[in-house]
Amino acid sequence: MLAVAALVCGCTRTAALAAKPALEPAHIPVSIPQPPSLPSHGILFRIEPAQAVADTAAPETQSRPPRASSYLFGTIHFGNDEELGLSPELLASALSSSFTLVNEIDLAAPGGGNLDRYRWLPPEQSLSALISAAGFAMAQSLLPQIPPPTLQRMKPWMVLALLEARGEQAGEQTLDDRLQRIAAERGMRIVHLETAEDQLRALDCIPSESQALVLEERLKAPQIMREMSERALMHYRGRDLDAWLADVDRMVGLDGESKDIEMRARQCLIEERNQRWLPELLALLDQGGCYIAVGAIHLPGEHGLLAALKHAGYRIEAEPL
């Protein structure tokens, strides 16, 4: 799925974790015009409140002390440090001036069995019944590490997530996991923007039958997924999130119905979650000293967090990383 392709790379989604019923007309979030002054490149951004107009009537002693700068970091969930142009030292030093780590979910929390309904098909369904025999055989050949009985139980979005992450299963070496461990070791406050169930509900917001249509198309031309994955890494390494989002938006290799499915998935996975996160992010930024680490695909575009924060009056500057 377009949104799966983006979100497996750019959100805290995993095959272990990880889109409302069929495709009725969805609520489309109100667009926020993207300010022309947003940085065009970067994955780490300094976020500071715009200069307040001084209240000349208020005594100087009443003025609010300056807040510590906050940062917004776009993460990605596959690829090694060399491919990403990062290093453990850079990751650790980036947190040095912050007091609070803000991420999507608690990555250290054990997954509960009550979440299985988002990941696995019900007993009466199987993956091979949702896609063609040729498609299932191709999925097996592309994911040899997944036992066939397990593959049969996986919802199509999970299969897409693995395929678009080159078969890499997220674990302790993802950027998000590493940042949370560093923050915990330093005794930093850690705030999560949503629960695991919130995230899985968004990942599974499209019915399995519709997810399967996209998976079937992708399995007919698996080289397109490989090329998308390599371009995602190239754009991330080049710190060009706008180009990555434009590449995702092209939905190469999908027909009209599959593109409609992808647009609904994108609304679930990106726009709607950004809107839910924004009030808490604004409250945290008002405190200062925050390091916000979320999937990089949440940052760019007219519905992205950078545009929303700029619209809310914050100054945004790209930081070297």
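Residues numbered from 1 in each chain as written. Predicted model: local features only at pLDDT ≥ 70, side-chain atom pairs only at ≥ 80, totals over all residues. Heavy atoms only, no water.

Peer 1: I tried to follow the overall build of the protein on my own but got confused; where do I start?
Peer 2: Broken down by element type, the protein carries 15 helices and 6 strands. The buried share of the protein, taken over its 321 residues, is 52%. (Helix = DSSP H or I, 4+ residues; strand = E, 2+ residues; numbered from the N terminus. Buried < 20%, exposed > 50% of the residue type's maximum accessible area, 1.4 Å probe, protein only.)

Peer 1: Mind showing me how you'd approach unusual backbone geometry here?
Peer 2: The general pattern is negative phi for most residues beyond glycine and trans for most peptide bonds. Backbone geometry at R239 places phi at a positive 60 degrees, although glycine is not the residue there. Position of R239 relative to the elements: it lies in the loop between α12 (222–237) and α13 (241–250). Its identity is not glycine, yet M251 carries a phi of approximately 50 degrees, on the positive side. Judged by its relative accessible area of 9%, M251 is buried.

Peer 1: I would appreciate a short explanation of the side chain of N274 in the present structure.
Peer 2: Mapping N274 onto the fold places it in helix α14 (residues 256–287). Leaving out residues up to four positions away in the same chain, N274 has contacts with H298, H303, G304 and L305. (Contact = heavy atoms within 4.5 Å.)

Peer 1: How should the sheet that holds strand β1 (residues 44–49) be read in this particular structure?
Peer 2: By definition, the strands of a sheet pair up through backbone hydrogen bonds, in either a parallel or an antiparallel sense. Reading across the sheet, the 6 strands line up as β4-β3-β5-β2-β1-β6 and stay open at both edges, with mixed pairing between neighbours. Looking at which strands have only one partner, the edges of the open sheet turn out to be β4 (189–192) and β6 (314–318). The mean inter-strand angle of the sheet, taken between neighbouring strand axes irrespective of direction, is 20 degrees. In this fold α14 packs onto β1, β2 (70–75), β3 (100–103), β4, β5 (290–295) and β6, with an angle of close to 160 degrees to the strand it touches most, β4. (Pairing = 2+ DSSP bridges. Axes fitted to C-alpha atoms, helices over the stretch in contact; angles between N-to-C directions.)

Peer 1: Is there a simple way to explain the state of the cysteines in this structure?
Peer 2: Should the sulfur atoms of two cysteines be covalently bonded, the bond is a disulfide. This model, assessed by the stated rule, comprises 1 disulfide. Each disulfide pairs two cysteine sulfurs, and for C205 the partner residue is C268, the sulfurs being separated by 2.0 Å. Taking the sign of the torsion about the S-S bond as the criterion, the disulfide between C205 and C268, at about 100 degrees, is right-handed. One end of the pair, C205, is in the loop between α10 (196–203) and α11 (208–220); the other, C268, is in helix α14, with 63 residues separating them in the sequence. What makes C268 buried here is its relative accessible area of 4%. (Disulfide = S-S within 2.5 Å.)

Peer 1: Would you mind showing me how to read the packing of aromatic side chains here?
Peer 2: Here a ring pair, both rings aromatic, is described through the centre-centre distance and the interplanar angle of the planes. As enumerated under the stated definition, the model contains 2 aromatic pairs in all. On the numbers, 6.1 Å between centres and 50 degrees between planes, the contact of F73 with Y291 is tilted. Of this pair, F73 sits in strand β2 while Y291 sits in strand β5, and the two are 218 residues apart along the sequence. Owing to a relative accessible area of 0%, F73 belongs among the buried residues under this scheme. Chaining the aromatic ring pairs together yields one cluster made of Y71, F73 and Y291. Above the face of the W120 ring, R153 is positioned so that its terminal group lies 4.6 Å from the ring centre. (Phe/Tyr/Trp six-rings, centres within 6.5 Å; stacked < 30°, edge-to-face > 60°. Lys NZ or Arg CZ within 6 Å of the ring centre and 35° of its normal.)

Peer 1: In this structure, what is going on with the pairing of β1? I would like to understand it.
Peer 2: It is a general feature of regular strands that their side chains alternate between the two faces of the sheet. Where β1 lies against β2, 4 bridges are found, and the strand directions are antiparallel. Within the sheet, the bridge partner assigned to L44 lies in β2 and is F73. In this structure, β1 lies alongside β6, joined through 5 bridges in antiparallel fashion. Within β6, the residue paired with I47 across the bridge is I316.

Peer 1: In this structure, what is going on with the pairing of β3? I would like to understand it.
Peer 2: The alternating pattern of β3 places T100 and V102 on one face and L101 and N103 on the opposite face, and all of these are buried. Looking at chain direction, β3 and β4 are connected through 4 bridges and run parallel. Its bridge partner being in β4, V102 is matched across the sheet by V191. Direction of pairing for β3 relative to β5: parallel, over a ladder of 4 bridges. By the bridge assignment for β5, T100 is matched with C290.

Peer 1: In this structure, what is going on with the pattern of salt bridges? I would like to understand it.
Peer 2: Side chains that differ in charge, positive against negative, can pair when their charged atoms come close. Scanning the model with the defined rule gives 18 salt bridges in all. The closest approach of N and O atoms between K155 and D204, which form a salt bridge, is 2.7 Å. Linking K155 in the loop between α7 (148–153) and α8 (156–164) with D204 in the loop between α10 and α11, this pair joins segments that are 49 residues apart in sequence. The residue E197 makes a salt bridge to R201 at a minimum N-O spacing of 3.5 Å. Taken together, the residues span about one helical turn, with E197 and R201 both in helix α10 at a distance of 4 residues. On the accessibility criterion, E197 (22% relative accessible area) is partly exposed. R201 sits in the partly exposed class, given a relative accessible area of 42%. Taken together, the shared-partner salt bridges in this structure form one network comprising R46, E48, R315 and E319. (Salt bridge = Lys/Arg side-chain N within 4 Å of Asp/Glu carboxyl O.)

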